[in-house]
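Summary of structural features
So the chains spell out like this:
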Amino acid sequence: MVLYTTPFPNSCLSALHTVSWALIFPCYWLVDRLIASFIPTTYEKRQRADDPCCLQLLCTALFTPIYLALLVAALPFAFLGFLFWSPLQSARRPYIYSRLEDKGPAGGAALLGEWKGTGAGKSFCFATANLCLLPDSLARLNNVFNTQARAKEIGQRIRNGAARPQIKIYIDSPTNTSISAASFSSLVSPQGGDGGAKAVPGSIKRTASVEYKGDGGHRPSDEAANGPAPGDLADSGSLEDACIIRISGEEGGRPPEAEDPATGSQARNGAGGGSKGQTPNHSQQDGDSGSLGSPSASRESLVKVRAGPDSGGGGEPGANSKLLYKASVVKKAATRRRRHPDEAFDHEVSAFFPANLDFLCLQEVFDKRAAAKLKEQLHGYFEYILYDVGVYGCRGCCSFKCVNSGLFFASRYPIMDVAYHCYPNGRGGDALASKGALFLKVQVGSTPQDQRIVGYIACTHLHAPPEDSAIRCEQLDLLQDWLADFRKSTSSSSAANPEELVAFDVICGDLNFDNCSSDDKLEQQHSLFTRYKDPCRLGPGEEKPWAIGTLLDTSGLYDEDVCTPDNLQKVLESEEGRREYLAFPTSKSPGGGQKGRKDLLKGNGRRIDYMLHAEEGLCPDWKAEVEEFSFITQLSGLTDHLPVAMRLMVSAGEEEA
């Protein structure tokens, strides 16, 4: 399949579209700024309360007449541009594909050679997030602002979190039964070229936070929000063999010794560095524990190991010689990663996106300029990106579409096929956006017989108004039908093209319903959940005890208790904190506002962001099992949703037998 790298089939149409949008944009920008000036966020309200001279109010009063005058002058040009722009949308392609080729060891071509479908298996990591990258005036309705700056900051945080090297630190202690969140992916089995895992003896009690520094280093406050920048690891050489540190005995006993790095876990390094500019309300506190580079972690440091010829720990000469690993045990009561006695996988609230993130599905990336900034940042880690997904105008849908679908996809593995469908039954404000589903087929490996190993991913965003359960159920029906058609149309089984082996089938996105509200019973009982498994769900209306909501209470986004990734992480680990800062099902009773009834609420908030995986329809004798699941706080203060991540282990049943 040919992937579209431009929105129009020829340069003439592209040029005409550029001119028409240039005529429209000044009017669009002025309307956005004019409305935004009258919708302050809670952060801005606090600033105004501390401003005795009322300078912000004076600026608003001064610029409003200027905006109005310019808007009146821009209207005729916008109308002329619209006359050209609207018919052009019938020829517009439904997405833009971007590839920034990476020929290094972390590039897509190199990744395909890592797994041949044999050995103990291969893990793949998925993440999804709703970013609320709307025009600024609309974003403020969700109490977030400065869309362009947020897009850049979000991209930096995701990239830096995913590009962290994987370091395994095991502590064998009968008194420690928890694992800190800074090492979300530290339990991933080390994999060689064929995914062969290396067993580590002994029970795993706790993994410690890790600080990474290059020769120059950077500020701890930046690391607390973004994680270590991949640029800091550029001079460290190959990270294919990262060291493992084992700590034995009682907590507070003798200092541990480093193991031979040859038995270490695998680490991958993302490309690109980048500045860490922050919006005013996203500054980090140096005292945040659990963050990489926090002083509290430094004070509790138990071991320092330098990998390479200087280490004295038996490492290979020259390997990782410039990388300093500082392992720190955070001895606070709050535990980050837990494994429920009846659960087969690890789960946690994490302050960072998982290391070695393979696939990223995003929603509400509606603003085109924000999407371009986000793409630029994420290309420092992801080689393949799809953005500006959706349709405009009247094409393909029943009503006029003012904005795209808001869907955005990034991958480290090559994309083979793409399809997009717009939901035709949107209503009200949602009908103005081309909400739909994006279907992708990716190649993740090949067998010794040259059979392609592929995976299917669907990214979607359902209808939002809470009273429209029937519309969401219809959209779930369409989602299943479209996905079945996509798999059928893209499958290859001819003699010229050997049969492909399907490793995974994943659906992720913002479904706009939860599994605890009585008003969402129709969606909770949908047949989608019989075909696809939700790792956080026991059954209709019943969540697993460790699952928490992903929708934040927007009124508290800028509170000091939750304004940093570490602070939000700590808050969400307590039931009291979740009641205070997560959104819960609304009450239909008079005066039943959320703030007044939180003491009576049960559960852990509204989880409306989902990651589902299929257990059927894969390669015979293969199985995909959840290895890790996390709720991520790294985007605190930047969006009103919690991102979620899931790591699947795909293994061949015959090999294990």
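Quantities reported herein were computed from a predicted structural model and do not represent experimental measurements.

The rules behind these values
Residues numbered from 1 in each chain as written. Predicted model: local features only at pLDDT ≥ 70, side-chain atom pairs only at ≥ 80, totals over all residues. Heavy atoms only, no water. Helix = DSSP H or I, 4+ residues; strand = E, 2+ residues; numbered from the N terminus. Buried < 20%, exposed > 50% of the residue type's maximum accessible area, 1.4 Å probe, protein only. Contact = heavy atoms within 4.5 Å. Areas by Shrake-Rupley, 256 points an atom, 1.4 Å probe, with all protein chains shown as cover. Pairing = 2+ DSSP bridges. Axes fitted to C-alpha atoms, helices over the stretch in contact; angles between N-to-C directions. Parallel < 35°, antiparallel > 145°, perpendicular 65-115°, else oblique. Left-handed = near helix turned anticlockwise from the far one by under 90°. Salt bridge = Lys/Arg side-chain N within 4 Å of Asp/Glu carboxyl O. UniProt positions renumbered as here; feature names shortened; annotations may be inferred. Core = buried A, V, L, I, M, F, W, Y, C linked by side-chain atoms within 4.5 Å. pLDDT = per-residue confidence, 0-100. Phe/Tyr/Trp six-rings, centres within 6.5 Å; stacked < 30°, edge-to-face > 60°. Lys NZ or Arg CZ within 6 Å of the ring centre and 35° of its normal. Nonpolar A, V, L, I, M, F, W, Y, C, P; charged D, E, K, R; others polar. Arc of directions from axis to C-beta. Polar contact = N/O pair within 3.5 Å; in protein donor to acceptor, adjacent residues only side chain to side chain.

Scanning the protein chain from terminus to terminus reveals 16 helices and 23 strands. Taking all 657 residues of the protein chain together, the buried fraction comes to 58%. For the protein chain, the proportion of contacts with a sequence separation of at least 24, taken over those separated by at least 6, is 78%. Of the accessible surface of the protein chain, which amounts to about 25800 Å², a share of 56% is contributed by carbon and sulfur atoms.

Within the open sheet, the six strands sit side by side as 14-15-16-17-21-18. Their pairing is mixed. Each end of this open sheet is capped by a strand with a single partner; those strands are strand 14 (415-422) and strand 18 (532-533). Looking at chain direction, strand 15 (residues 436-446) and strand 16 (residues 452-461) are connected through nine bridges and run antiparallel. Looking at the pairing, L438 lines up with C459 of strand 16. Most of the contacts of helix 10 (residues 469-490) go to strand 15, to which it runs at about 35 degrees, and overall it touches strand 14, strand 15, strand 16, strand 17 (501-510) and strand 18.

A few words on the packing of helix 1 (residues 11-36) against helix 3 (residues 55-88). Across the interface, helix 1 lies against helix 3 with an axial gap of 7 Å and an inter-helix angle of 150 degrees. If you check the angle between helix 1 and helix 3, you find them roughly antiparallel. Crossing angle aside, the handedness with which helix 1 passes helix 3 is left-handed.

This part covers the pattern of salt bridges. Taken as a whole and judged by the stated rule, the model has 23 salt bridges. The salt bridge involving D358 is made with R412; its shortest N-O contact spans 3.1 Å. You can see D358 sitting in the loop between strand 10 (346-350) and strand 11 (359-365) and its partner R412 sitting in the loop between strand 13 (408-411) and strand 14, a full 54 residues away along the chain. Side by side, D358 and R412 carry an identical accessibility label, which is buried. For the salt bridge of R606 with D514, the shortest nitrogen-to-oxygen distance reads 2.4 Å. Within this pair, whereas R606 is found in the loop between helix 15 (594-597) and strand 21 (609-614), its partner D514 is found in the loop between strand 17 and helix 11 (521-524), the two being separated by 92 residues in sequence. Salt bridges sharing common partners tie together R33, E44, D136 and R140.

Turning our attention to the UniProt feature "transmembrane region" (unreviewed entry) in the protein chain. Per the UniProt record, the feature "transmembrane region" (unreviewed entry) sits at residues 12-31 and 66-85. Annotated as 100% helix and 0% strand, the span residues 12-31 places its first and last C-alpha atoms 29 Å apart.

Among soluble globular proteins, nonpolar side chains are generally buried collectively. Counting residues in each nonpolar core, the largest one holds 95 residues, and the members touching the most others are F126, F359, I415 and F504. The dominant element in this core, judged by the number of residues it contributes, is strand 17, at seven residues. Grouped together as the second largest cluster of nonpolar side chains are 30 residues, A162, F408, L635 and A645 included.

A word on the confidence of the model for the protein chain. Residues at a pLDDT of 70 or more form 67% of the protein chain, whose mean pLDDT is 76. Segment residues 173-221 is flagged for pLDDT under 50; beyond a separation of four residues in sequence, or across chains, it makes 168 contacts in the model. Note on residues 588-593: pLDDT is under 50 here. Beyond four places in sequence and across chains, it has three contacts.

Attention now moves to the packing of aromatic side chains. By the definition in use, this model includes 33 aromatic pairs. Taking 6.0 Å as the distance between ring centres and 75 degrees as the angle between the ring planes, the aromatic pair formed by W85 and Y392 counts as edge-to-face. Residue W85 is located in helix 3, and its partner Y392 is located in the loop between strand 12 (384-387) and strand 13; the two are separated by 307 residues in the primary sequence. Neither residue differs from the other here; W85 and Y392 are each classed as buried. An aromatic cluster of at least three residues, connected via ring pairs, comprises W115, F124, F126, F359, F409, Y413, F504 and W622. Seen from the ring of Y392, K368 lies directly overhead, with NZ or CZ sitting 4.8 Å from the centre. Above the ring of F529, the side-chain terminus of R537 is found at 4.1 Å from the ring centroid.

One face of the sheet, then the other: side chains in a regular strand alternate in exactly this way. Counting buried positions along strand 10 yields five of five residues, so the element is predominantly enclosed. Residues of strand 10 alternate between two faces, with D346, E348 and S350 on one and H347 and V349 on the opposite face, all of them buried. Across five bridges, the pairing between strand 10 and strand 22 (residues 622-632) is parallel. Its bridge partner being in strand 22, D346 is matched across the sheet by E628.

Okay, the packing of helix 6 (residues 147-162) against helix 9 (residues 368-378) next. Relative to each other, helix 6 and helix 9 sit at 20 degrees, their axes nearing to 8 Å. In terms of orientation, helix 6 and helix 9 fall into the roughly parallel class. Note on packing geometry: the crossing formed by helix 6 with helix 9 is right-handed. Across the interface between the two elements, T147, Q148, A151, K152, I154, G155, Q156, I158 and R159 from helix 6 touch R369, A370, K373, L374, Q377 and L378 from helix 9. Of the residues belonging to the contact of helix 6 with helix 9, the class tally is six nonpolar, five polar and four charged.

To continue, consider helix 9. For helix 9, the full list of buried residues reads A370, A371, L374, K375, Q377 and L378. Each buried residue of helix 9 lies within a common arc of 165 degrees when the element is viewed along its axis, so the set occupies one face. The inward-facing, buried residues of helix 9 contact strand 1 (96-99), strand 2 (122-133), helix 6, strand 11, strand 12 and strand 13. Where helix 9 begins, the side chain of D367 points an oxygen toward the backbone nitrogen of R369, at a separation of 3.1 Å.

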